[in-house]
Amino acid sequence: MAIKKEKSSGIVYSTESGKMCPVCEHPIGQCVCAGNKSISAGDGIVIVEHQTKGRKGQGVSVIRGISSDQYELEKLGKRLRKKCGAGGTVKNRTIEIQGDHRDMLVEELRKLGWLVKRSGG
């Protein structure tokens with residue numbers, strides 16, 4: 001019976017350099033592997049929509065279709081949350097911002113040079 005060697009996952013956070021890439025073990029900002037590279041997302045149109053499903057009636061503005069790496073998405077998410085004065089997160093290549101801020105988000109994303117469509121009512 002062969003003995004399996006398990007690969008150590010390495011450092012996931014360092015006080016010296018912050019979050020680490022689990023694949024190449026470099027800081028996220030200096031990641032060199034394909035695990036953190038930009039993934040093209042569709043046709044280049046950013047969709048801003050309002051969702052309440054699965055959130056106990058609480059609405060969030062969801063931004064999807066931005067083709068940037070995770071680090072850039074997090075920076076953009078932070079900027080947009082600050083602009084709206086609300087909390088939120090970046091999950092599954094989408095940015096979620098608490099509340100209905102679609103109009104403000106569409107305006108801000110257009111200022112940044114994105115082709116944006118507002119989805120929903």
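Up top is the structure.
Just so it is clear, the model here is predicted, and its values are computed rather than measured.

Reading guide: rules and limits
Residues numbered from 1 in each chain as written. Predicted model: local features only at pLDDT ≥ 70, side-chain atom pairs only at ≥ 80, totals over all residues. Heavy atoms only, no water. Pairing = 2+ DSSP bridges. Helix = DSSP H or I, 4+ residues; strand = E, 2+ residues; numbered from the N terminus. Axes fitted to C-alpha atoms, helices over the stretch in contact; angles between N-to-C directions. Contact = heavy atoms within 4.5 Å. Core = buried A, V, L, I, M, F, W, Y, C linked by side-chain atoms within 4.5 Å. Buried < 20%, exposed > 50% of the residue type's maximum accessible area, 1.4 Å probe, protein only. Polar contact = N/O pair within 3.5 Å; in protein donor to acceptor, adjacent residues only side chain to side chain. Parallel < 35°, antiparallel > 145°, perpendicular 65-115°, else oblique. Left-handed = near helix turned anticlockwise from the far one by under 90°. Expected span 1.5 Å × (residues − 1). Arc of directions from axis to C-beta.

Caption draft 1: Focus on the sheet that holds strand 3 (residues 45–51). The strand order 5-6-4-3-7 describes an open sheet built from five strands, whose pairing is mixed. Since the sheet does not close on itself, it has two edges, and those belong to strand 5 (88–91) and strand 7 (115–118), each with one partner. Each adjacent strand pair in this sheet contributes to an overall mean axis angle of 20 degrees, direction not counted. With respect to the sheet, helix 1 (residues 70–84) is in contact with strand 4 (60–64), strand 5 and strand 6 (94–98), its orientation differing from that of strand 6 by roughly 20 degrees. Across the sheet, helix 2 (residues 102–111) touches strand 3, strand 4, strand 6 and strand 7, and the angle it forms with strand 3 is around 165 degrees.

Caption draft 2: Molecular detail of the nonpolar core. Residues Ile 63, Leu 80, Ile 95 and Leu 109 are the most contacted members of the largest nonpolar core, which totals 15 residues. Residue assignment for this core shows that the elements contributing at least two residues are strand 3, helix 1, strand 6 and helix 2. It is helix 1 that provides the largest number of residues to this core, a total of four residues. If near-sequence neighbours (up to four positions away) are discounted, Leu 109 is found in contact with Val 46, Val 48, Ile 63, Leu 76, Leu 80, Trp 114 and Val 116.

Caption draft 3: Up close: the environment of Glu 49. Looking at the secondary structure, you find Glu 49 in strand 3. Among the residues examined, Glu 49 registers a relative accessible area of 14% and is labelled buried. A C-alpha to C-alpha distance of 9.7 Å links Glu 49 and Glu 96, two positions 47 residues apart in sequence. Those residues within four positions of Glu 49 in sequence are excluded, and the remaining contacts are Val 60, Ser 61, Val 62, Arg 64, Arg 102 and Ser 119. Reaching out from Glu 49, the side chain makes a polar contact with the side chain of Gln 51 at a distance of 3.1 Å.

Caption draft 4: Expanded view of the packing of helix 1 against helix 2. Where helix 1 meets helix 2, the closest approach of the two axes is 10 Å, and the angle between their N-to-C directions is 130 degrees. Classed by the angle they form, the pair helix 1 and helix 2 counts as oblique. Here helix 1 runs over helix 2; the crossing is right-handed. Facing Leu 76, Arg 79, Leu 80, Lys 83 and Cys 84 of helix 1, the residues of helix 2 in contact are Met 104, Leu 105, Glu 108 and Leu 109.

Caption draft 5: Looking closely at the side chain of Glu 108. Residue placement: Glu 108 occurs in helix 2. Here Glu 108 falls in the buried class, since its relative accessible area comes to 7%. Aside from chain neighbours lying at most four places away, what touches Glu 108 is Arg 79, Leu 80 and Lys 83.

Caption draft 6: Region of interest: helix 1. Along its 15 residues, helix 1 runs 21 Å from first to last C-alpha, staying within 8% of the 21 Å computed at 1.5 Å per residue. All of the buried residues in helix 1 are Leu 73, Leu 76, Gly 77, Leu 80 and Cys 84. Along the axis of helix 1, the buried residues cluster in a sector spanning 105 degrees; they form a single face. Relative to its buried face, helix 1 has exposed residues pointing more than 90 degrees away, namely Lys 78 and Lys 82. Of the surrounding elements, those touching the buried residues of helix 1 are strand 4, strand 5, strand 6 and helix 2.

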